[in-house]
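Residue-level listing of the chains:
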Amino acid sequence: FCFFVLELAANSLVTERYINSFFFWMDIFGTASLVFDISFFLGVDATKPVRFEKDEDMSSDTAVLARASRAAKQAARAGRMSRILKLIRFLPFLRNKQDRYEVANAVSLKLTTMLATRVAFLCVGIVIVIPLFGTFVYPVAEDSLLSWAILLSNDIDAYYANATSTSWINSELERFVEFYQNLMYGPFGLCIRDNGSFVCSPGGTIPGLQLPPMDFSEPRRAASIAEVEYKHVLLLYTLEVVRQSEAISNLCLMFSVLLIMLITCFVMNSSVNSVVLKPLQRVVGVLRQHCAEIMKMTFEIPQEPEEKAGRKSSKDLSSNADENKEQEVEMLEKVLVKIVHIFETAVLKTRRTNNEEEAMFLDNFAGVEKNDKTQAPIMTLQGADKSEDHSAGVSAEMRKQLEHRSLNLFEEPDEMQRRVALYVMTNTRSCRRWVRRQGMQETLMKFITVIQSKYQANPFHNFGHGLDVLSEVRLYLHRINSYTIFSEVTVFWLLVAALGHDVNHLGVNNQFLVETSHALALKYNDKSVLENLHCSTLFEVLSDASTNVLKVLEKADYKVARAGIVEVILGTDMVRHSEDIKALSIAYTVHQEAFAAAAREHPQELSKALQEDSKARVKVLGSLLHTADISNPMKPWDICAYLADRCLEEFFAQGDQEKELGIPVQMLNDREKVNRCTSQVGFIEFVITPLAEQMVIIFPTLSFLTRNLSLNVELWAELWKNSFDPPTEDYEKLMARVNKVVSRCRAAGPWEEEAPMRQSSAQSLLSGSESVVTEH
């Protein structure tokens, strides 16, 4: 009854017009009729034998009709299920009338058709299999039971008429008993009518009548007795074995049907997996890889109130797997909502309004930024200026070394550093024609000279570093064919930012300034202290007319250039490193097709996309500068080792000050504890590799970065092994990390065949490593 109620409720919920339908009343009456089949309700009493007195009584015991009814009932219900599955897509709350659901409708239709086909197969299988088990059961239309009763009754009738010998009757009785010897059922008693009642001692009624021994005994259950009556004879048959066999057959039938259903359900489940679940799992799998990052994005994402959203807030992504299964759907919904908000936040959008007063208020009071489309026109590859200006006095050999990144700009004299800076800024292919048109070479030289004087004499963060970053940015711009993507003005202000990105660096990091409550930390509220100082110093230099290389810009261009310079310099703060990589990944995802087209030498789409999306454009430019700023591990080995030595020396100098002041010594600043080789491996693994990967994915022509990175990390590990002879276990652990970095570098993009990047062999470097490695 409980199952029937559940089925009735399920059909009522799933089928729109099930209530009061033909199938509804059929189920009601069909279930109600079961009470006539149950012995302790209105069914046949199982404690009384079954008596057959007429031919039609014998035929009424057949189970064929009952079995056919049960089979038809199961088939009808399965068929009704298939009809329900087909009609699911027509339910009012599942109908998709809008065109944007065409894909979902197609998947739903395909799934429904497939399930209906499987259910139809189930129905056919049940109808075919059920009759097979009837072959092992006794013939339900057994005529021998009544035939023997008629035959014996006629013999007794003849005896009463002629009063002859009973030998003929005894012979018939022997044949009667022998007839059932090899069957599962047979007689165990014979009764003869005497004065209106049956006497089960035949010898007392008819003298000389001898009932031979019977192979069957009276069954324990009265319902297993079949009494066949005909005139003078009542034959008692036992059907105990038959009933037991029939019960076993019914059990086999039930289990076979269940097995067919299980197999069919498995096939249906596989079909659902292939059509729906596996594609959804792939989508969710991709979301799992990125949703944690999306959920932790730094920029504010407004959330709708729960009352408006109409649903509870989603659970934490890191919750246990045994939580509510609906969490997966909730997580997917929340991530998709965040993605939409990310698009709204990250992609430049113009606020549209039909209210002129509102638009005026927003423009004048709220300071709405206008779309940046006022820059110099985009240059095409065919129109790029290929002529170089050699007036800076940089030799051909030095220019070649610049191209191969093998020139150590830190060791060049001051005059030559200024000449190199002038050469780079006047010979960047993306903007050199524009620079020549402006006639600013004298102003540019004065600007370089003043910027050089503003750099302090730090071991690493000095003018040599600024010049090195400038040269690196120029190389990146050439490799990505920036003259097909960015405007001349954009490239020029990026070069200005590159040269001055660390101007007036104090030789200590932001954390030190905050820990010591330095005046600059108080001035800039502990936020990107040095980077704000660099921007301020740079624009102080640019505020002087004699050194203002941006004075030739129109007001709108200058506003864009200043905002861009500030943003890319603030982006060199290592605190923003991880979040900026995520933001760069989002910018790439938004314009992935455009970046892919640019990689296939079709840059027009990318140029247009970045022209319209100023945030993505500045993020890409800032990533070029940030990559150049921390490019030491991605340079040829000679330069890489030299700059690592200088950088760590500056860190150690800060660590000495921290010890003197009694404040915590930062992780890489203790010269007595830091191992330079392993520290570089860690720096490459955790800081450089993620950025290098992303840059090569965006611009495959920068693959030399990951190639050098993989070479250098292996050399640092080899240098550590040869210099310190570490335990085998420690070396194997380090090499596992190194191999992981190398694998990531190789997976980021194909490496181009280039000139040798290591200026000396590994063996010579390892044998002369005193300048790189200390006793730690």
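Just so you know, these numbers come straight off a predicted model, no measurement behind them.

A. Representation of the overall build of the protein chain in the model. For the protein chain, the count of helices and strands is 31 helices and five strands. Taking all 776 residues of the protein chain together, the buried fraction comes to 45%. Taking the intrachain contacts of the protein chain between residues at least 6 apart in sequence as the baseline, contacts between residues at least 24 apart amount to 76%. With the model as given, the accessible surface of the protein chain reaches about 41600 Å², and the carbon-plus-sulfur share is 57%.

B. Fine view of a nonpolar patch on the surface. A cluster of nonpolar side chains, namely Leu259, Ile263 and Val267, defines an oily patch on the protein surface of about 260 Å² accessible area. By the secondary structure assignment, Leu259 is in helix 9 (residues 240-295).

C. Local environment of helix 27 (residues 637-661). Taking 1.5 Å per residue as the helical rise, helix 27 with its 25 residues ought to reach 36 Å, and the 36 Å between its terminal C-alpha atoms agrees with that figure. Of the residues trailing helix 27, Gly662 is marked for its positive phi of about 75 degrees.

D. Looking closely at the packing of helix 13 (residues 396-404) against helix 14 (residues 414-426). Interaxial distance between helix 13 and helix 14 falls to 12 Å at its minimum, and their mutual angle equals 65 degrees. The pairing of helix 13 with helix 14 is recorded here as roughly perpendicular in orientation. Crossing of helix 13 against helix 14: the hand is right-handed. Contact residues: Met398, Arg399 and Leu402 in helix 13; Met416, Val420 and Tyr423 in helix 14.

E. Focus on the packing of helix 28 (residues 676-698) against helix 30 (residues 728-748). Closest axis-to-axis distance for the helix 28/helix 30 pair is 9 Å, and the angle between their directions is 15 degrees. Comparing the axis directions of helix 28 and helix 30 gives the class roughly parallel. Relative to helix 30, the crossing made by helix 28 is left-handed. Residues Thr678, Val681, Gly682, Ile684, Glu685, Phe686, Thr689, Pro690, Glu693, Val696 and Ile697 of helix 28 pack against Leu734, Arg737, Val738, Val741, Arg744 and Ala748 of helix 30. For the contact of helix 28 with helix 30, the class distribution of residues is ten nonpolar, three polar and four charged.

F. Geometry of the environment of Ala653. One can find Ala653 in helix 27. Each C-alpha atom of the pair Ala653 and Pro459 lies 9.2 Å from the other, and the pair is 194 residues apart in sequence.

G. Up close: the pairing of strand 4 (residues 225-230). Counting buried residues along strand 4, five of its six residues qualify, which places the element largely inside the surrounding structure. Both strand 4 and strand 5 (residues 233-238) contribute to a ladder of six bridges, which runs antiparallel. Counted as the bridge partner of Glu229 is Leu234 from strand 5. Two successive antiparallel strands, strand 4 and strand 5, enclose a turn made up of two residues, where Lys231 displays a positive phi of approximately 50 degrees.

H. Representation of the state of the cysteines within the structure. Summed over all chains, the structure comprises one disulfide. Across a sulfur-sulfur distance of 1.9 Å, Cys191 and Cys200 are joined as a disulfide pair. Disulfide Cys191 to Cys200: torsion about the S-S bond roughly 80 degrees, handedness right-handed.

I. Summary view of the pattern of salt bridges. Per the counting criterion, the structure on display carries 23 salt bridges. Taking the shortest distance from any N to any O, the salt bridge between Asp580 and Lys619 comes out at 3.2 Å. Taken together, the residues Asp580 in helix 23 (residues 577-590) and Lys619 in helix 26 (residues 614-629) connect sequence positions 39 residues apart. With a relative accessible area of 18%, Lys619 lands in the buried category. The partner of Glu693 in a salt bridge is Arg744, with the nearest N and O atoms 2.7 Å apart. Separated by 51 residues along the polypeptide, Glu693 in helix 28 and Arg744 in helix 30 bring together distant segments of the chain. Given a relative accessible area of 18%, Glu693 falls into the buried group.

J. Looking closely at unusual backbone geometry. Although it is not a glycine, Ser517 adopts a positive phi angle of roughly 50 degrees. Checked against the element boundaries, Ser517 lands in the loop between helix 19 (510-515) and helix 20 (519-523). Residue classification places Ser517 among the partly exposed positions, given a relative accessible area of 49%. Positive phi values are uncommon outside glycine, yet Asp725 reaches one of about 45 degrees. Counting through the fold element by element, Asp725 comes out in the loop between helix 29 (703-724) and helix 30. Note on Asp725: relative accessible area 65%, which makes it exposed.

K. Geometry of the side chain of Ser710. With respect to the helices, strands and loops of the structure, Ser710 is situated in helix 29. Classification of Ser710 by relative accessible area gives buried; the value is 2%. Ignoring anything within four residues of it in the chain, the contact list for Ser710 reads Val742, Cys745 and Trp751.

L. The arrangement of the pairing of strand 5 in detail. For strand 5, the tally of buried residues reaches six of six residues, placing the bulk of the element in the interior. Burial along strand 5 is two-sided: the face carrying Val233, Leu235 and Tyr237 and the face carrying Leu234, Leu236 and Thr238 are both buried. Where strand 2 (residues 186-194) meets strand 5, six bridges bridge the pair, whose relative direction is antiparallel. By the bridge assignment, Pro187 is partnered in strand 5 with Tyr237.

M. Broad picture of the nonpolar core. With 105 residues, the main nonpolar core has Phe447, Phe492 and Trp716 as its most contacted residues. It is helix 18 (residues 488-500) that contributes the most residues to this core, ten residues altogether. If we skip the residues at most four places from it in the chain, Phe492 touches Met425, Cys431, Trp434, Val435, Met440, Leu444, Val549 and Leu550. Ala149, Ile156, Tyr180 and Leu236 belong to the second largest nonpolar core, which has 31 residues in total.

N. Local environment of the packing of aromatic side chains. A full pass over the atoms with the stated rule returns 15 aromatic pairs. Measuring from centroid to centroid gives 5.8 Å for Tyr455 and Phe463, while their planes differ by 70 degrees, and the two rings are edge-to-face. Note on accessibility: Tyr455 and Phe463 belong to one class, buried. Members of the aromatic cluster, each reached through a chain of ring pairs, are Trp148, Phe176, Phe179, Tyr180, Tyr185 and Tyr237. Against the face of Phe539 rests Arg562, its NZ or CZ located 4.4 Å from the ring centre.

O. Spatial organisation of the confidence of the model for the protein chain. Summary statistics for the protein chain give a mean pLDDT of 77 and a share of 63% for residues scoring 70 or more. Within the protein chain, no element has a lower average pLDDT than helix 10 (residues 306-309), which sits at 42, and none a higher one than helix 21 (residues 529-542), at 97. Predicted confidence for residues 297-325 stays below pLDDT 50, and this span has 33 contacts to residues more than four positions away or in other chains. Scored below 50 in pLDDT, residues 767-776 makes 21 contacts in the model with residues more than four places away or belonging to other chains.

P. Summary view of the environment of Gly466. As for its placement among the helices and strands, Gly466 is situated in helix 17 (residues 463-479). Look at Gly466 and you get buried, because its relative accessible area is 0%. Residues Gly466 and Ala498, 32 residues apart in the sequence, show an inter-C-alpha distance of 6.7 Å. In this structure, Gly466 is in contact with Tyr455, Ala498, Leu499 and His501, ignoring residues within four places of it in sequence.

Scoring rules and cut-offs
Each chain has its residues counted from 1, following the order in which its sequence is written. Only residues with pLDDT of at least 70 are given local features in this predicted model, and only at 80 or more are side-chain atom pairs given and counted; all residues enter the totals for whole chains, interfaces and linings. Hydrogen atoms and water are omitted, and side-chain values are computed over all heavy atoms in the structure. Strands are runs of DSSP state E lasting at least 2 residues, helices are runs of H or I lasting at least 4, and numbering of each runs from the N terminus. Only protein chains enter the accessibility calculation, which uses a 1.4 Å probe; a residue whose area is less than 20% of its type maximum is buried, one above 50% is exposed, and one in between is partly exposed. For this analysis, residues touch if any pair of their heavy atoms sits within 4.5 Å. Surface accessibility follows the Shrake-Rupley procedure with a 1.4 Å probe radius. Residue values consider only the protein chains on display as shielding. Each patch is built from salt-bridge-free residues with over 30% relative accessible area, joining like charges within 9 Å and nonpolar side chains (Val, Leu, Ile, Met, Phe, Trp, Tyr) within 5 Å. Salt bridges, as used here, are contacts in which a Lys or Arg side-chain nitrogen is within 4 Å of a carboxyl oxygen on Asp or Glu. Multiplying one less than the number of residues by 1.5 Å gives the expected span of a helix. Angles run from 0 to 180 degrees between N-to-C directions of axes, and those axes are lines fitted to C-alpha atoms, restricted for helices to the stretch in contact. Roughly parallel refers to an angle under 35 degrees, roughly antiparallel to one over 145, roughly perpendicular to one between 65 and 115, and oblique to any angle outside these ranges. Crossings are classed by handedness, with left-handed meaning an anticlockwise turn of the near helix from the far one by less than a right angle and right-handed meaning a clockwise turn. Polarity classes work like this: nonpolar for Ala, Val, Leu, Ile, Met, Phe, Trp, Tyr, Cys and Pro, charged for Asp, Glu, Lys and Arg, and polar for all others, with Gly in that last group. In this scheme, strands are said to pair when DSSP sees at least two bridges between them. Disulfide: a pair of cysteine sulfur atoms within 2.5 Å of each other. Among the buried residues, those of types Ala, Val, Leu, Ile, Met, Phe, Trp, Tyr and Cys that are joined through side-chain atoms within 4.5 Å form a nonpolar core. Here is the rule: rings of Phe, Tyr and Trp (six-membered ring for Trp) pair when centre to centre is within 6.5 Å. Planes less than 30 degrees apart are stacked, more than 60 are edge-to-face, and the remainder are tilted. Only Lys NZ and Arg CZ are tested; either one counts as a charge over a ring when it is within 6 Å of the ring centre and within 35 degrees of the ring normal. Per residue, pLDDT captures the predictor's confidence, and it can take any value from 0 to 100.

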